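A structural walkthrough
Spelled out, the chains give:
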Amino acid sequence: MTDEVALAQRCADGDRAAWDRLVRETTPYLARVAARALARYGLPNGADEADDQIQSAFGQLLAPEGAPALRAFDGRIPLRSYLSVLLIRQVQKAALGRRLLPLPQAWDAPSRTPAPDEAAETRDEILRVLDLLGGLPPREGFALRLQAQGATNQEIARILGTGPSHTRVILSRALQSL
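Figured I'd write up the structure that's included with this text. (Residues numbered from 1 in each chain as written. Predicted model: local features only at pLDDT ≥ 70, side-chain atom pairs only at ≥ 80, totals over all residues. Heavy atoms only, no water.)

**Things to note about the nonpolar core**
Among the nonpolar cores identified, the biggest contains 44 residues, and L22, F58 and L79 are the most heavily contacted of them. Put simply, the parts of the chain that give this core at least two residues each are α1 (3–12), α2 (16–40), α3 (47–62), α4 (67–71), α5 (79–97), α8 (138–148), α9 (153–160) and α10 (164–177). When residues no more than four places from it in sequence are discounted, the contact partners of F58 are W19, L22, V23, T26, T27, L30 and L83. (Core = buried A, V, L, I, M, F, W, Y, C linked by side-chain atoms within 4.5 Å. Buried < 20%, exposed > 50% of the residue type's maximum accessible area, 1.4 Å probe, protein only. Helix = DSSP H or I, 4+ residues; strand = E, 2+ residues; numbered from the N terminus. Contact = heavy atoms within 4.5 Å.)

Here it is, written out as structure tokens:
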């Protein structure tokens, strides 16, 4: 078991010293990730907003239902990269929770609800893509998911701990495998 896996397990078990270490070692990196994610999703972007998102993500991990996310960490990618994915999901949820149109305009906006046959086609497509992604090696599937969420090759490289050129190779192999 690597040091990062052991740290995640201790955090999941409620070890206060492990939490302090995790927060101390990952917060500077996560602050940069949060700032980029906030900007990408058009949310207010500043140090306070980034801190709020980081605290919210850590708060979810501290909750009893968050412990499985820490226990699921297996060390195949760096712990800070794993946490950055959780943080980006947190920012995405915050972006989805915001009202995109002022209320009067929202009333006049056309419905985006698909017809049942369109929804079935979309569901089938999603299931087909998930099935294809499940057949990829974990690193390639993870890289494709990050790219689908809008991450640049440089961001994916930082998360995977590789260079941008190697990231392009990983993405290229993944796409060829599909």
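**Quick word on α10**
Here α10 is 14 residues long and its end C-alpha atoms lie 20 Å apart, about the 20 Å a rise of 1.5 Å per residue gives. The set of residues buried in α10 consists of T167, I170, L171 and A174. Along the long axis of α10, the arc covered by the buried residues comes to 95°, so they all point the same way. Looking at the buried positions of α10, the neighbouring elements they touch are α8 and α9. (Expected span 1.5 Å × (residues − 1). Arc of directions from axis to C-beta.)

**Notes on the pattern of salt bridges**
On inspection of all chains with the given rule, the structure shows eight salt bridges. Note that R16 and D20 form a salt bridge whose closest N and O atoms lie 3.7 Å from each other. Remark: D20 and R16 occur in helix α2; sequence separation between them is four residues, near one turn of the helix. Judged by its relative accessible area of 64%, R16 is exposed. Residue classification places D20 among the partly exposed residues on the basis of a relative accessible area of 38%. In this structure, R76 engages D74 in a salt bridge whose closest nitrogen and oxygen atoms are separated by 2.6 Å. Residue class for D74 comes out partly exposed when judged on its relative accessible area of 40%. (Salt bridge = Lys/Arg side-chain N within 4 Å of Asp/Glu carboxyl O.)

**Quick notes on the packing of aromatic side chains**
A full pass over the atoms with the stated rule returns two aromatic pairs. Note that R80 overlies the ring of Y29, its terminal NZ or CZ placed 4.0 Å from the centroid. (Phe/Tyr/Trp six-rings, centres within 6.5 Å; stacked < 30°, edge-to-face > 60°. Lys NZ or Arg CZ within 6 Å of the ring centre and 35° of its normal.)

**Comments concerning the side chain of T167**
With respect to the helices, strands and loops of the structure, T167 is situated in helix α10. Residue classification places T167 among the buried residues on the basis of a relative accessible area of 0%. Within the local environment of T167, its side chain forms a polar contact with the side chain of T162, the two groups lying 2.9 Å apart. In contact with T167, not counting residues within four places along its chain, are N153, I156, A157 and T162. (Polar contact = N/O pair within 3.5 Å; in protein donor to acceptor, adjacent residues only side chain to side chain.)

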